[in-house]
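So the chains spell out like this:
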Amino acid sequence: MATMLDLIGALLLVCGTAFLFLGGVGLVRMPDTYNRIQAGTKTTTLGTLLTLLGVAFIHPDWSFKLLLIAIFLLFTNPLSSQIMARAIHRNGGDQSPLTHIDRLAEDKGR
Amino acid sequence: MAEQLFVLLIGLAAVLTACGFLLTLLRFVKGPSSADRVVAFDVLTIISISGIIFAALMADRIIYLDVALVYALLSFLGVIVVARYLERGL
Amino acid sequence: MFSSLFTRRQWVLFSALLLFWLILMNSLATDVLITGVVVALLITFTCGNGLTFFTEFRWSREAVVAGFLYYGYFFSELVKSNIRLAQIVISPSLPINPGIVKIRTELTSQMGRLMLANSITMTPGTLTVELDGEWLYVHWVTVEHEDIESATRHLAAGFERYLKVIYG
C-alpha cells in the first residue's frame, strides 16, 4: 500500500526527471558548446539530486548510500564541466556569433 | 487509489527520463564537434545514473546503487581524460 | 594513544576514509570493520597529504555556522537559477546573451577559491572557464554586467561572504 511518504517521493521523482528532460531539450537547442554545457550538465545534476531525494522518501533505509552518491555528484560534476570548458577554450573551440564579450581571449591574446 | 496514483507518477518519471535520454542521444549523434559529443556523453551518464536508481527502485535491490556510484566514478574519469587529450590539441 | 601515532592531517584522512567505507558497506560487522581499518591505514600512510577539504577548514564555531548557512544559500541559489535556465530553454525565442566575463575574488586559500569556482559552476547560467590566481573567468548565458566590479558583486559576493569565514 502506498503511503503519504511514497507519494511525496514519487512527486519528487517526477520533478527531478522533468529537469532531466529539460536538460536534454537544452542540449539540443543551445547554439554552442559552452551553452550546451550550461544547459546540459547543470539541470541534469539538479534532476539527479531530486531523483535521489525522491528515492530516499520511498526507501528511507537507503538514504545513507543515496547521500553518498549525491555528495559524489555534487563534487565531481562542476569539476568535470569546468575542465571541459577550459579544454575547449584552450583548444580554440568555436563560439556562437551571439557571444559578444570574451575577456579570457582578450587577456590571453588568443 | 493512492496505489494507482503512485504507479502513474513513477511511470511518468520513467517516460520523462527516457525522453531526456533520447534528446541527449540526438546531440551525441549530431555532434558537430568532438567536444559536443563529450558533453553529450557526460549528460548521458548523469541521466543513466537516474535510470540505474530507477532500476534499483523497481527491483527493490540496494546493491544496484553501488553500480550507480561506480558508474559516476568512471564517467568522471572518462571526461577528465578526454579533456586532457583535447587540451594538448587534436 | 592515536594522537601521538598520527599527525592531525592523517587522523582526518583516516576517519574520512573509514566513514566512507562504512557508509558504502552499510554494516558494522567485524570483518567489514577490520578490512576498512586496514585499508584506510594503508592509504593514510602511503598518501599522507591529507584532505585539504577538511584540514583547511577552520574548526571555529563561526565557521561551522557559516558552513550550514553556505549550504542553505547554495541550494536555494541552485533551485532558483535552475528554474530560470529552464525558462530560457523552453521559451521559443531562446533569449540568450552569452559571453565570458572576468571577476576578482578576495579569497586567499586554495580550497576557498576551488569552492567558489565550484559554486559558480553549480549555479546554472554561469560556468567557470579558467582560474588564474585571484582572477576567475566565467561564462555567463545572459551577461548583465561586463565590468569586473559589478560582475564580481553579482556573481561571487553571495558565496564569498560565507567562504571567507570558512576557509579564509
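Refer to the preceding data block for the structure.
Now for a look at the structure at hand. Predicted model, so just to flag it, every value in this text is computed and none were measured. The residue numbers shown here count from 1 along each chain, following its written sequence. Following the order in which they are written, the chains are lettered starting with A and the ligands numbered starting with 1. Residues qualify for local features only when their pLDDT is at least 70, as the model is predicted, and side-chain atom pairs are given and counted only at 80 or more; totals for whole chains, interfaces and linings, by contrast, use all residues. To obtain the side-chain values, all non-hydrogen atoms of the structure were used and water was disregarded.

**Focus: the overall build of chain C**
Put simply, the rule reads: Labels follow the DSSP assignment, with helices taken as runs of H or I lasting at least four residues and strands as runs of E lasting at least two, numbered in each case from the N terminus. Type-normalised accessible area, obtained with a 1.4 Å probe on protein chains alone, sets the label of each residue: buried when under 20%, exposed when over 50%, and partly exposed for intermediate values. Method for areas: the Shrake-Rupley scheme with a 1.4 Å probe, in which residue coverage is limited to the protein chains shown.
Secondary structure assignment for chain C yields 8 helices and 3 strands. For chain C, the N- to C-terminal ordering of α and β elements is α-α-α-α-α-β-α-β-β-α-α. Burial statistics for chain C: of 168 residues in total, 46% are counted as buried. Roughly 8800 Å² of accessible area belongs to chain C as shown, and the carbon and sulfur atoms make up 64% of that amount.

**Structural notes on the pattern of salt bridges**
Our working definition: We count a salt bridge whenever a side-chain nitrogen from Lys or Arg sits within 4 Å of a carboxyl oxygen from Asp or Glu.
Per the stated rule, a full pass over the model turns up 3 salt bridges over all chains. Measuring nitrogen to oxygen at the nearest pair gives 2.6 Å for the salt bridge that ties D36 of chain B to R36 of chain A. Linking D36 of chain B in helix α2 (residues 34-59) with R36 of chain A in helix α2 (residues 33-58), this pair reaches from one chain into another. On the accessibility criterion, D36 of chain B (3% relative accessible area) is buried. One salt bridge connects D66 of chain B with K65 of chain A, and the closest N-O pair in it is separated by 3.1 Å. With D66 of chain B in helix α3 (residues 63-87) and K65 of chain A in helix α3 (residues 63-90), the pair connects residues from two separate chains. The pair D66 of chain B / K65 of chain A is uniform in exposure class, with both members buried.

**Topic: the interface of chain A and chain B**
Worth spelling out the cut-off: Whether two residues are in contact is decided by their heavy atoms, any of which lying within 4.5 Å being enough. Accessible surface is computed with a 1.4 Å probe, and the buried area is the amount of it that two parts give up when combined, taken over both parts together. Pairs of N or O atoms are called polar contacts if they sit within 3.5 Å, as long as, within protein, a hydrogen donor faces a hydrogen acceptor (for residues adjacent in sequence, only side-chain-to-side-chain pairs). Think of it as three bins: nonpolar holds Ala, Val, Leu, Ile, Met, Phe, Trp, Tyr, Cys and Pro, charged holds Asp, Glu, Lys and Arg, and polar takes everything else, Gly as well.
Residue-level contacts link 48 residues of chain A with 52 residues of chain B. Buried surface at the junction of chain A and chain B, summed over both partners, amounts to about 4400 Å²; 78% is from carbon and sulfur atoms. The tally of links from chain A across to chain B stands at 2 salt bridges. Here chain A and chain B share 6 residue pairs in polar contact (both at pLDDT 80 or more) between them. Where the side of chain A that touches chain B is concerned, the elements lending two or more residues are α1 (4-29), α2 and α3 of chain A. For the side of chain A that touches chain B, the element with the highest residue contribution is α3 of chain A, accounting for 16 residues. Class assignment of the residues belonging to the side of chain A that touches chain B gives a composition of 29 nonpolar, 14 polar and 5 charged.

**Description of the layout of surface pockets**
Residue and element names in this part refer to chain C. So the rule is basically this: Grid points spaced at 1 Å over the protein atoms alone were grouped into cavities, where a 1.4 Å probe fits but cannot get out, and pockets, open sets with protein on both sides within 12 Å along at least five of seven lines, with lining residues defined by an atom within 4 Å of a point. Grid points are joined across faces, edges and corners, and a volume is the space filled by probe spheres set on the points.
In this model, the second largest pocket occupies a volume close to 390 Å³. If you go around the second largest pocket, you meet 21 residues; those closest to its centre are E77, R84, W140, H154 and L155. Among the elements of the structure, α5 (61-90), α7 (148-155) and α8 (157-166) are those that each provide at least two residues to the lining of the second largest pocket. The element contributing the most residues to the lining of the second largest pocket is α5, with 6 residues.

**Describing the environment of N82 of chain C**
As for its placement among the helices and strands, N82 of chain C is situated in helix α5. Relative accessible area serves as the criterion here: at 0%, N82 of chain C is assigned to the buried category. Along the sequence, N82 of chain C and P124 of chain C sit 42 residues apart, while their C-alpha atoms lie 5.8 Å from each other. Here N82 of chain C is in contact with F19, K42, T43 and L46 of chain A together with P124 of chain C, once residues within four sequence places are set aside.

**Some remarks on empty space enclosed by the protein**
Here the structure, examined in full by the defined rule, presents 1 cavity of 30 Å³ or more. Here the largest cavity defines a volume of roughly 60 Å³. Of all the secondary structure elements, the ones that give two or more residues to the lining of the largest cavity are α3 of chain A together with α2 and α3 of chain B. Split into classes, the residues belonging to the lining of the largest cavity amount to 5 nonpolar, 5 polar and 1 charged.

**Here's the deal with α2 of chain A**
Going by this rule: Helices are assigned an expected span. That span is 1.5 Å times one less than the residue count.
Here α2 of chain A is 26 residues long and its end C-alpha atoms lie 37 Å apart, about the 38 Å a rise of 1.5 Å per residue gives. Extensive coverage of α2 of chain A is indicated by the burial of 24 of its 26 residues.

**Re the packing of aromatic side chains**
Residues and elements named next belong to chain C. We apply this condition: Stacked, tilted and edge-to-face are the three classes assigned to paired rings of Phe, Tyr and Trp, where Trp is represented by its six-membered ring and a pair needs centres within 6.5 Å; plane angles under 30 degrees give stacked, over 60 edge-to-face, the rest tilted.
Inspection of the entire model under this criterion finds 7 aromatic pairs over all chains. Taking the centre distance of 6.3 Å and the plane angle of 65° together, the rings of Y70 and F159 count as edge-to-face. Taken together, the residues Y70 in helix α5 and F159 in helix α8 connect sequence positions 89 residues apart. In this pair, the class of Y70 matches that of F159, namely buried.

**Quick word on the sheet that holds strand β1 (residues 99-104) of chain C**
Put simply, the test is: Any two strands with at least two DSSP-identified bridges between them are counted as paired. The angle between two axes is taken between their N-to-C directions and runs from 0 to 180 degrees, where each axis is a line fitted to C-alpha atoms and a helix contributes only its stretch in contact.
Strand order in the open sheet formed by 3 strands is β1-β3-β2 (chain C), and the pairing between neighbours is antiparallel. The open sheet terminates on both sides in strands that have one partner only, identified here as β1 and β2 (126-132) of chain C. Going across the sheet, the axis of each strand differs from the next one's by a mean of 25°, ignoring polarity. Across 6 bridges, the pairing between β1 of chain C and strand β3 (residues 135-140) of chain C is antiparallel. Residue I103 of chain C lies in a different strand from β3 of chain C, and its bridge partner there is L136 of chain C. Each of β1 and β2 of chain C touches α3 of chain A; the most contacted strand, β2 of chain C, lies at about 70° to it. Set on the sheet, α7 of chain C makes contact with β1, β2 and β3 of chain C; between it and β1 of chain C the angle comes to about 85°.

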